[in-house]
Amino acid sequence: MSMQSGTEASVQFGAEAVHIQGVPHILLCASLFYFRIPRALWKERMEQLQAFGYNSIDVYFPWNYHETEEGSWDFSEEKDVAAFLAAAAEAGLYVVARPGPYICSEWDGGALPAYLLTKGLRLRDNDEQFLSSVAKWFDRILPLLKAHQVGEGGTVIGVQLDNELDFYDCLDPKGYISALRDMALGHGIMVPLFACAGQGGLLQASGFADNVVPTCNFYPDNREPDFEQKVLHYSERLEELGYPLLVTETNRAHYLLRRLLSCGAKLLGPYLQVSGTDFGFTNATNNWGKPLAFMTSDYDFGGMISPEGHIREEAYEGRMLGRLIAAYGAPLAQAAPGNKGTDGWVITGDQERVAGPFALRLKGGGSLLFVTNLDDRDKQVALAGPGEEAGGEAVRNTFTLKGGRSLALPYQVPLAIWGSDGCLENSTAELFMAEKANDGARLVFHTEGSGKLVLRFERPPLDIKAWNAAAVESEGTVTVTFDGREDGGCSVIAADGRELKIFITTRMKALYLNGLADGNDSFEHGEAQRYDGSIVDAACDWRLDVFEAAGGLPKQAGFEVKPLVSEDADPLESFGIYRGFAWYEADVQLTEGKAVQGLLLRQGSDVLSLYGDGQYAGTVAPGGGSAFLPLDGGLQEGKLQARVEIWGHSNFDDARLPGLRLHAMKGLKGIAAITKVHSLSSHWSLYRAADRVLRKEWIESPDCRLWPVVNFGGWLSPDHPAFEYYRKTFLASESASSWTLHFQGIQSLATVFVGGQEIGAVNPFDPYLDISDYVTAGQTVELTVFVERVLGLSSGKVFLYEGIAAKGWSISRAEEKELLTHAQWRRGAAQAVEFPVALKPGETAWLYASTMNSEVGAGWRAKVIGTGMKLTVFLEGRLVGRLWLRGGDARPVLTGGSPDSFYLPGAWFEEGKGSLAILLEAVDRKEQGCLEALQFISV
């Protein structure tokens, strides 16, 4: 069985091989994302990939990048998908297209438009309303993919449906994937369709929908000892279904890619070999922190090409692997793993933490034997075939396996692959390049020590010449030995008169080898590309304007857009605000004689800076939860302001924090001025239960007069886990309208009941629970908390925040356009400034400068030195980076790339000059924000 959409499909994903227009291929495929790279650099990145061994790219197409508002589509300029696909075809790169609708990719909301969050639909499921919205996206993107698929003038060879669905709780994966499949087929997609499994759930990821190929994503430790056995398991299962092993995502190290190749993978797709930048408000929040993390604007996992286009050392490993794949050609593209992966081969010698050998049977005969050193320590090893003694010939073939190396060694490989008679019997050096010629062939090997290779011919060769090596012939068998210290080789004139030339070089030289010189037998040696990391004074005329922090920018700049008005605070998406900054403003009706101790923020995401009567209370990133901020000066006028930045919607679905759910919205649900903080940790009545089944009789006003009275979580129990009911009452103040429980330091799971009614759950990541809707001012409140307590872990302390909820909200917004308008409006008031630049806690300012392009016109990497600051950086009107510098306890984990630098693309400078506008926010409550320096490094 093979996956094809027609009797003579241009692309076929069969169990034996991937065929493109009848030719079998191993696809060495790198992620290349047009939305993270300036359009002017698309071609350059493609050429770089091709030069370093890659024949394919995979690319996501982010729905919300092209539809920023419902019904408003943009495929122009930097978003010109057709131009990108045409460039790939021109470069000769195959394209694995991934249009979602969900892409993950650490992108804002996984590319699902935020307006979907307000519609009450089931995301990523067989939901009619969701699929109706997806259809509108597919109506736009699929015709572009169709026009550029193989067979219609383009190079698109496959289309992915959704992405890693097995990470998500989809109720009907088969129905959902089938619906996406039908849309794709309805739009004329003829290349194979596939669905990738992120954590090995082939069924959960694809539903095994008809005519949809399941593929695998693997992200192991590169040196995981039993990794091949895991991969072979999936290879066997997929073969049973009639599909090839396609690894659509994995780590970037070519060391690991070799291990995957040994298992018969036909697509090797290391994720993010080409790094980029999340320009604009496109970052995501995800679960890479503890548990919250913000993705940096710099999108760089250390792949072989940096965001600014620098070639890293790993690229040379990629070129070597690409050359190896090309050297063996179609026989390797149609290869299959040996029996149990090994074909009975064993490793002898120093075999501790050596994986393999794994045999990959080449089509037409012969094998590649993959052996991998999982340590950094060099080892002396040999390979023994089925039935061979551990000693004997194997010992004589001992070679050095360097630490951290994975080799593919030939065994009984027919020289007919390269147009010659005979057989490459075995070699301790790896063949990584091959060239056919009319009069024979040239084979290039690399080694890291002494060794030998053996050639076998049916008839004795006519002539043999060796240089810096020894070649001995006996009854048609030629044995070449070498010391590995310098370039060597031999020439063999076969009985038919054709010449086979063997070249042997060191591995280090092989990495940087440009090729074999035309017309002679010398190597064209190259070297690693180097880049100047010196700091250049690339900006001048620094100016600073400090402006009012608490109020909204649109109001300050005199925008005509009126603020949105609402009685209650609601998430920003409900007001049509999907990205950028927003300002919530409201009043609190203060009660005479009640001093305000602080502000209680309810359900806040992502970055919230709170002010009371203009006084800065602090900045928090509660991940959709609540937070209490003390207000040292109290509150007299009752004016509350919250500046909110949507860092990005979650690109994952994680239940540990409300803001990490895929459907989570941003902004806040309310603010209360807290007039009293009650400690409720003592004097709880306790009942020990036998199991976790909730019992009404212990929740709804039980007779608890004989229950022990203890501190919350304070019963010393022999149970593990312990299931306990805690009960307590408190009197709600007559002057309050807001009540929130805080289970500070809880390390248990707890379910809270008020008056016998279940209110919600708390856990170590989300310890706040608002109970205001279930409390009547002036009345006694019955609390019951069911706790599932793990032995030795604390249940924490319980506090009640009581106060007055703010009412009468106005909400204003500012995306790139509004921010730039405000920056321009304030520019005239800016004053000359020198570094360091300091701002008081809570202050905001615009920092301006003039810049010039680098000498080569490629722009700059700008490194920021400072503490306690957030920066939103614009170059020539484009948002190029958002940073949150270290300092303070509110800063979340920042991950995904450099947290303290940004990239200024040379392509975006105007006539070699540029203008910088940087929004500064001092976000450390206790210390002033300090921007010590910006250092510019030429790209």
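Residues numbered from 1 in each chain as written. Predicted model: local features only at pLDDT ≥ 70, side-chain atom pairs only at ≥ 80, totals over all residues. Heavy atoms only, no water.

1. Thoughts on the overall build of the protein
To keep it simple, the criterion reads: Helix and strand assignments follow DSSP, with helices taken as H or I runs no shorter than four residues and strands as E runs no shorter than two, numbered in order from the N terminus. All radius of gyration figures rest on C-alpha atoms, and the globule criterion is 2.2 Å times the number of residues raised to 0.38. Burial classification: accessible surface area is computed with a 1.4 Å probe over protein chains only, and a residue below 20% of its type maximum counts as buried, one above 50% as exposed, and the rest as partly exposed. Only four residue types enter the tally: Lys and Arg on the positive side, Asp and Glu on the negative side; His and the chain ends are excluded. We put the charge of a Lys on NZ, of an Arg on CZ, of an Asp on CG and of a Glu on CD.
What the protein contains, in helices and strands, is 13 helices and 66 strands. Relative to the compact-globule value of 30 Å for 939 residues, the protein shows a C-alpha radius of gyration of 32 Å, a close match. In terms of overall dimensions, the protein has a C-alpha envelope of 110 × 70 × 55 Å along the principal axes. For the protein, the residues scored as buried account for 61% of the 939 residues in total. One finds the centroid of the 84 positive side-chain charges in the protein at a distance of 2 Å from the centroid of its 119 negative side-chain charges.

2. A short note on the pattern of salt bridges
It is possible for side chains of opposite charge to pair when their charged atoms get near one another. Our working definition: Salt-bridge detection follows one rule: a side-chain nitrogen of Lys or Arg within 4 Å of a carboxyl oxygen of Asp or Glu.
With the rule as written, the count across this model stands at 60 salt bridges. A salt bridge links glutamate 249 to arginine 98; the shortest N-O distance between them is 2.8 Å. Of the two residues, glutamate 249 is situated in strand S13 (residues 246-250) and arginine 98 in strand S9 (residues 94-98); the sequence distance between them amounts to 151 residues. We note that glutamate 249, like arginine 98, is buried. Measuring nitrogen to oxygen at the nearest pair gives 4.0 Å for the salt bridge that ties arginine 237 to glutamate 236. We classify arginine 237 as partly exposed; its relative accessible area is 28%. With a relative accessible area of 38%, glutamate 236 lands in the partly exposed category. Each of Arg643, Glu645, Lys870, Arg882 and Glu921 takes part in one network of salt bridges that share partners.

3. Observations regarding the nonpolar core
The following threshold applies: What we call a nonpolar core is a set of buried Ala, Val, Leu, Ile, Met, Phe, Trp, Tyr and Cys residues that are connected through their side-chain atoms within 4.5 Å. The contact definition used throughout considers only heavy atoms, calling two residues in contact when any of these lie within 4.5 Å.
Membership of the largest hydrophobic core comes to 199 residues, with the highest contact counts inside it found for Phe61, Tyr328, Leu332, Leu871, Leu920, Leu931 and Phe936. Ranked by the residues each element gives to this core, the list is headed by helix H9 (residues 314-333), at ten residues. Among all residues touching leucine 931, those that are not within four sequence positions of it are Phe835, Pro836, Val837, Leu847, Val864, Ile865, Gly866, Met869, Leu871, Leu885 and Leu920. Counting 30 residues, the second-largest nonpolar core is a separate cluster that includes Val596, Leu599, Ala673 and Trp809.

4. Thoughts on the sheet that holds strand S33 (residues 488-493)
Let me state the cut-off plainly: Paired strands, as defined in this entry, are two strands with at least two bridges between them according to DSSP. The axes used here are C-alpha line fits, helices contributing only the stretch in contact, and every angle between their N-to-C directions lies in the interval 0 to 180 degrees.
With mixed pairing, five strands are arranged side by side in an open sheet as S27-S28-S34-S33-S30. Strands at the two margins of the open sheet, each flanked by one partner only, are strand S27 (430-437) and strand S30 (463-467). Between one strand axis and the next, the sheet turns through 15 degrees on average, direction left out of account. Relative to S27, H9 is tilted by about 50 degrees, and along the sheet it contacts S27 and strand S28 (440-447).

5. Quick look at the packing of aromatic side chains
When we look at a pair of aromatic rings, we describe it by the centre distance and by the angle of the planes. What counts is decided by this rule: Two rings from Phe, Tyr or Trp (for Trp, the six-membered ring) form a pair when their centres are within 6.5 Å of each other. A pair whose planes differ by under 30 degrees is stacked, one over 60 is edge-to-face, and the rest are tilted. For a Lys NZ or an Arg CZ to count as sitting over a ring, it must be within 6 Å of the ring centre and within 35 degrees of the ring normal.
With the rule as written, the count across this model stands at 51 aromatic pairs. Aromatic side chains phenylalanine 130 and tyrosine 176 sit 6.2 Å apart centroid to centroid with 40 degrees between the ring planes, which places their arrangement in the tilted category. Here phenylalanine 130, found in helix H4 (residues 128-147), pairs with tyrosine 176, found in helix H5 (residues 173-186); they are 46 residues apart in sequence, far enough to count as distant. Judged by relative accessible area, phenylalanine 130 falls into the buried class, the value being 0%. Judged by centre distance (5.4 Å) and plane angle (45 degrees), the ring pair of tyrosine 611 and tyrosine 616 falls under tilted. You'll find tyrosine 611 and tyrosine 616 in the same group, each marked buried. Sitting over the face of the ring of tyrosine 65, lysine 79 holds its NZ or CZ atom 4.7 Å from the ring centroid. The ring of phenylalanine 765 has arginine 656 sitting right over it, with the charged end atom 5.5 Å from the ring centre.

6. Structural notes on the confidence of the model for the protein
Where we set the bar: Per-residue confidence from the predictor is reported as pLDDT, a score between 0 and 100.
Looking at the protein as a whole, the pLDDT averages 94, with 97% of positions reaching at least 70. A low-confidence stretch, residues 1-7 (pLDDT under 50), is modelled with 26 contacts involving residues beyond four sequence positions or located in other chains.

7. Quick look at the packing of helix H3 (residues 81-91) against H4
Put simply, the rule is: Should an angle fall under 35 degrees it is taken as roughly parallel, and over 145 as roughly antiparallel, whereas 65 to 115 is taken as roughly perpendicular and any remaining angle as oblique. For any pair of crossing helices, the crossing counts as left-handed if the nearer helix is rotated counterclockwise from the farther one by less than a right angle, and right-handed if it is rotated clockwise. Note that Gly is not counted as nonpolar here; it falls among the polar residues with everything else outside the nonpolar set of Ala, Val, Leu, Ile, Met, Phe, Trp, Tyr, Cys and Pro and the charged set of Asp, Glu, Lys and Arg.
Where H3 meets H4, the axes come as close as 10 Å, and the angle between the chain directions of the two elements is 25 degrees. As the angle between them shows, H3 and H4 are arranged roughly parallel. In this structure, H3 meets H4 at a crossing whose hand is right-handed. Packed against H3, whose contacting residues are Val81, Ala82 and Leu85, the element H4 presents Ile141, Leu144 and Leu145 at the interface. Within the contact of H3 with H4, the residues separate by chemical class into six nonpolar, no polar and no charged.

8. Things to note about the pairing of strand S5 (residues 27-31)
On a regular strand, each side chain points to the face opposite its neighbour's, so the side chains alternate between the two faces of the sheet. Heads up, the rule is: When the strands point away from the viewer, a crossover counts as right-handed if the path from the first strand over the helix to the second runs clockwise.
Burial of S5 is extensive: five of the five residues sit out of reach of the surface. Neither face of S5 is left uncovered, since the one carrying Leu27, Cys29 and Ser31 and the one carrying Leu28 and Ala30 both have all their residues buried. By the bridge criterion, three bridges tie S5 to strand S6 (residues 56-60) in an arrangement that is parallel. From the neighbouring strand, cysteine 29 faces S6, where its bridge partner is serine 56. In terms of handedness, the path from S5 via helix H1 (residues 42-51) over to S6 forms a crossover that is right-handed.

9. Comments concerning the environment of histidine 742
Note the following rule: Side-chain atoms alone can form a polar contact between residues adjacent in sequence; in general such a contact is a pair of N or O atoms within 3.5 Å, and within protein one must be able to donate a hydrogen while the other accepts it.
Among the secondary structure elements, histidine 742 is positioned in strand S50 (residues 738-744). A C-alpha to C-alpha distance of 89 Å links histidine 742 and leucine 462, two positions 280 residues apart in sequence. Residues contacting histidine 742, with those up to four places away along its chain left out, are Pro767, Tyr768, Lys797, Val798, Phe799 and Tyr801. Engagement of the side chain of histidine 742 in a polar contact is seen with the side chain of tyrosine 801, the distance being 3.2 Å.

10. Comments concerning empty space enclosed by the protein
Rolled over the atoms, a probe as big as a water molecule pinpoints where empty space is left. Here is the rule we go by: Here a cavity means grid points, on a 1 Å grid over the protein atoms only, where a 1.4 Å probe fits yet cannot get out; a pocket means an open set of points with protein on both sides within 12 Å along at least five of seven lines; lining residues are those with an atom within 4 Å of a point. Grid points are joined across faces, edges and corners, and a volume is the space filled by probe spheres set on the points.
Taken as a whole and judged by the stated rule, the model has six cavities of 30 Å³ or more. Estimated volume of the largest cavity: approximately 110 Å³. As for the largest cavity, its lining consists of 15 residues, of which Asn64, Leu112, Pro113, Ala114 and His649 are closest to the centre. As for the second largest cavity, its lining consists of Phe399, Thr400, Leu407, Thr428, Glu430, His446, Thr447, Glu448, Gly449, Ser450 and Arg507. Residue composition of the lining of the second largest cavity, by class: two nonpolar, six polar and three charged.

11. Topic: the sheet that holds strand S54 (residues 780-789)
What the six strands build is an open sheet, ordered S48-S47-S49-S54-S51-S52; its pairing is antiparallel. Edge positions in the sheet fall to strand S48 (709-710) and strand S52 (757-762), since each of these pairs with one other strand and no more.

12. Some words on a nonpolar patch on the surface
Put simply, the rule is: Patch membership is restricted to residues that have no salt bridge and whose relative accessible area is over 30%. Joining uses 9 Å for like charges and 5 Å for the nonpolar side chains Val, Leu, Ile, Met, Phe, Trp and Tyr. Per-residue and other accessible areas follow the Shrake-Rupley method at a 1.4 Å probe size, with only the shown protein chains counted as cover for residues.
On the surface, Leu203, Phe208 and Leu241 cluster together into a nonpolar patch covering about 240 Å² of accessible area. Relative to the helices and strands, phenylalanine 208 is located in the loop between helix H6 (202-206) and strand S12 (213-217).

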